Amino acid sequence: MTNKEKEAFITLDPEEIPTSWYNIQADLPEPLPPPLDPSTMKPINPTLLERIFAKELILQEISSEPSIKIPDEVLDAYLRLPRPTPLYRAKRLENYLKTPAQIYFKCENFSPTGSHKTNTAIAQAYYNKKQGITRLATETGAGQWGTALSLACAIFGLKCRIYMVRTSYQQKPGRRIIAQTYGAEMFPSPSDQTNFGKKLLKENPNHPGTLGIAITEAIEDTVTHEDTRYSLGSVLNHVLLHQTVIGLEAKKQFEQIDTYPDVLCGCIGGGSNFAGFCYPFMKDKLKGKTEAEFVGCESKAVPHTTKGTYTYDFGDTGKMTPLLKMLTIGHEYACPPVHAGGLRYHGMAPSISYLIHKGYMRSVAYSQTEVFAAAQILAKSEGWITAPETAHSLKFVVDEALRCKKTGEKKIIAMNYSGHGLLDLASYEQFLTNKLVDYAPEKIVIPTFSR
Ligand SMILES: *Cc1c(COP(=O)(O)O)cnc(C)c1O
C-alpha cells in the first residue's frame, strides 16, 4: 500500500480552512426568479424583510458576488466545532459491497450537535449579534436545527426561542433537552404563545403540529417582539451559502489525493447540506469543466422534487412568508410522520429547484425501510450509526456501488455525511423489529398563483 492508499481520513490543517463562502448565484446561467410579495404578486422589496432577518443576511440572500468573506469571529467558532472536518474513505463499506467503486464521506457528524446545521447557525447568530439584536426565534422539527441554533446563541450571548413540532417535542425529548441545556426556551407547536397557535389549539387541543405551522409561529413571535429576529435552518440562499464551507474543504481534500468525484450526493430536506457540499463542485459543472453527476436524495413520503411542481408557493402553512419559486408539493401538504424529521418540508431551496428543473442535477426518492436497511449495512461495515436523513443518501451510495459492481466501473462516489443517528435509536429499534411504516404520498395540492 502506498501512503495515499493507507489514508482513512483525509484532513486539512486549521490554517487551510476556507476563508470565504461560495455563492452559486454568481455562476447560474440566469438570475433566480425573485421572491414575490403575495399581496401584489410583484418582487418583494428587500427592506421589507428587515423586520424578519438581520440586514447582512438579507444582503447575502440577494447577492451575486461569487465569494463572501467569512468573518473572523465565525471562523474562530468554526475551528472550535471543529472544522475543517475530515473526508473519510469508507474502505470497509466498499469491501462489504465488493464494489470496484470508491466511496468517500464528508464528515459533518462530528459537530457538538451531530449535524451540519451549526455551520449556518453560527453565522446567523453572529450577524444578528453584530446588528444589536438580542433574541432569535425559530422552529424545529426533529430538533437538529433547534440544537444548532441554541448552541450558536449560547456562543454569541443571544436569547433563543424555539417552536418545536408537538409530536417531536413529546416523542423525541433528546434534542429538546440538549437545546434547553444550551439555554433555549422551547415550546411545543402549536403553542399558546402566538395567535396562530392559539387558534389551532382551540380547533384541536391535541394538534400534532407541522414544520409549516411552527414556522408561522416563529415569524409571528418575531414581528411581535422588537428585540427579535427570525432564523431559518435551510431553504434560503444565505443558509446554503454558509454551508458551502463543507464543499470548499472537500474540494481541497480531493485535490490532496489527486481525485475528482464522478458522482456527488446528499439528502435533501430544504437542501442546505446538499448545496453546501455540492455547490463548489457544481460551479465546475456550470462552467463546463466537469461531467460529474449530482444526485439529491429525498423521502418517498415527502416527494417534493420527484413529484412536486416548479412554481411559486408559500414557505409556511400560515402564509406569512413571501412566495418562493421552488419545487413544492404545496404548503398545506401534511407530511407523514417519517423518522427523517429533517426531510419533512413541502418545498425545496430555490437554487436546487432551478438546477433540477434545468437538468444540471437529478433527484431520487426512497421509502424509510430501504433507507434503514442501507444504514444497517454501514453500521455493520464501518460501525457508524447514521441519521435517518443522511441514510437516504446512503441508500443511493449503496445502490450506485452495487451497480458499479455489475458494470465494473471504478466510480468515485462522494456523499455528504450530514449527521449521526445516536439520538434516533428508537427509529432503529422500529426497523429492527419490522415495525417501520412506509408511507405513500397523500393527495398533493399544488397552489396556483397568477402573476
Ligand atoms: C436537517 C438535516 C437534514 C436535511 O436538511 P437540509 O436542509 O436538506 O440539509 C439532513 N441531515 C441532517 C442530519 C439534518 O439534521
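Data block above holds the structure.
Because the structure is a prediction, the values reported are computed rather than measured.

Glancing now at the nonpolar core. Ranked by internal contacts, the top residues of the largest apolar core, which has 70 residues, are W21, Y78, Y279, F294, I352 and L355. For this core, the element with the highest residue contribution is helix α13 (residues 272-286), accounting for eight residues. If we ignore the near neighbours within four places in the chain, the residues touching Y279 are Y22, I24, L240, T244, F274, S351, I352 and L355. Counting residues in hydrophobic clusters, the runner-up holds 33 residues, among them V263, V364, F372 and A391.

Let's shift gears to the packing of helix α5 (residues 118-130) against helix α6 (residues 144-156). In contact at an axis separation of 8 Å, α5 and α6 are set at 40° when each is read in the N-to-C sense. Comparing the axis directions of α5 and α6 gives the class oblique. Pair α5 / α6 crosses with right-handed handedness. Mapping the contact onto sequence places T118, T120, A121, I122, Q124, A125, Y126 and K129 in α5 and W145, A148, L149, L151, A152, C153 and F156 in α6. Broken down by class, the residue content of the contact of α5 with α6 amounts to eleven nonpolar, three polar and one charged.

Reading across from one edge, β10-β9-β8-β11 is the order of the four strands in this open sheet, with parallel pairing throughout. Edge strands, defined here as strands with exactly one partner in the open sheet, are β10 (185-189) and β11 (228-230). Adjacent strand axes in the sheet meet at a mean angle of 25°, parallel and antiparallel pairs treated alike. Of the strand pairs in this sheet, strand β8 (residues 135-140) and β11 are connected by three bridges, and their pairing is parallel. By the bridge assignment for β11, R135 is matched with T228.

Turning our eyes to something else, we now look at the environment of K443. Examined against the element boundaries, K443 turns out to sit in the segment after α17 (425-432). Between the C-alpha atom of K443 and that of A334, which follows or precedes it by 109 residues, the distance is 9.0 Å.

Aromatic ring pairs are reported here in terms of the distance separating the ring centres and the angle at which the planes meet. Within the structure shown, the criterion is met by 14 aromatic pairs. Here K251 stacks its cationic end above the ring of F281, 6.0 Å away from the centre of that ring.

What follows concerns the site of the ligand. Taken together, 18 residues lie near the ligand, and K117, S234, G269, N273 and S418 sit nearest. Within the contact set of the ligand, an oxygen atom lies 2.6 Å away from a side-chain nitrogen or oxygen of K117. For the ligand, whose accessible area on its own is 380 Å², the fraction buried by protein is 98%. If you list the elements that add at least two residues to the shell around the ligand, you get α13 and α16 (388-407). Considered class by class, the residues forming the shell around the ligand number three nonpolar, 13 polar and two charged.

What links the strands of a sheet is backbone hydrogen bonding, and the strands pair in either a parallel or an antiparallel sense. If you walk across this open sheet you meet the seven strands as β1-β6-β7-β17-β12-β13-β16, and the pairing is mixed. Only two strands of the sheet have a single neighbouring strand rather than two, namely β1 (9-10) and β16 (362-366). Sheet analysis places strand β13 (residues 293-299) next to β16, joined by five bridges and oriented parallel. Within β16, the position partnered with G296 by the bridge is S363. With respect to the sheet, α13 is in contact with β7 (102-107), β12 (263-267), β13 and β17 (412-417), its orientation differing from that of β12 by roughly 155°.

With that out of the way, let us pick up unusual backbone geometry. The omega torsion across L81 and P82 is 10°, close enough to zero to call that bond cis. Here P82 shows up in the loop between α3 (72-79) and β6 (87-89). A cis amide bond links S189 with the next residue in sequence, P190, at an omega value of 5°. Assignment of secondary structure puts P190 in the loop between β10 and α9 (195-203). Residue K319 is not a glycine yet carries a positive backbone phi of 60°. With respect to the helices, strands and loops of the structure, K319 is situated in the loop between β14 (309-314) and β15 (323-328). Under the relative-accessibility criterion, K319 is labelled partly exposed at 47%. Backbone geometry at N434 places phi at a positive 55°, although glycine is not the residue there. Relative to the helices and strands, N434 is located in the segment after α17.

Going through the model one piece at a time under the given rule, you end up with 23 salt bridges. Measuring nitrogen to oxygen at the nearest pair gives 3.2 Å for the salt bridge that ties D76 to R80. The exposed category is assigned to R80, whose relative accessible area is 64%. Where D221 meets R161, a salt bridge forms, and the shortest distance between an N and an O atom there is 3.4 Å. Residue D221 is located in helix α10 (residues 211-223), and its partner R161 is located in strand β9 (residues 159-165); the two are separated by 60 residues in the primary sequence. Per residue, the accessibility class of D221 equals that of R161, and both read buried. Three or more residues joined by partner-sharing salt bridges are found here, namely E293, R362, E400, R403, E409 and K411.

Calculation rules
- Residues numbered from 1 in each chain as written.
- Predicted model: local features only at pLDDT ≥ 70, side-chain atom pairs only at ≥ 80, totals over all residues.
- Heavy atoms only, no water.
- Core = buried A, V, L, I, M, F, W, Y, C linked by side-chain atoms within 4.5 Å.
- Buried < 20%, exposed > 50% of the residue type's maximum accessible area, 1.4 Å probe, protein only.
- Helix = DSSP H or I, 4+ residues; strand = E, 2+ residues; numbered from the N terminus.
- Contact = heavy atoms within 4.5 Å.
- Axes fitted to C-alpha atoms, helices over the stretch in contact; angles between N-to-C directions.
- Parallel < 35°, antiparallel > 145°, perpendicular 65-115°, else oblique.
- Left-handed = near helix turned anticlockwise from the far one by under 90°.
- Nonpolar A, V, L, I, M, F, W, Y, C, P; charged D, E, K, R; others polar.
- Pairing = 2+ DSSP bridges.
- Phe/Tyr/Trp six-rings, centres within 6.5 Å; stacked < 30°, edge-to-face > 60°.
- Lys NZ or Arg CZ within 6 Å of the ring centre and 35° of its normal.
- Near = heavy atom within 4 Å.
- Polar contact = N/O pair within 3.5 Å; in protein donor to acceptor, adjacent residues only side chain to side chain.
- Areas by Shrake-Rupley, 256 points an atom, 1.4 Å probe, with all protein chains shown as cover.
- Salt bridge = Lys/Arg side-chain N within 4 Å of Asp/Glu carboxyl O.

Honestly, that's just the spatial picture; any functional story needs more than this.
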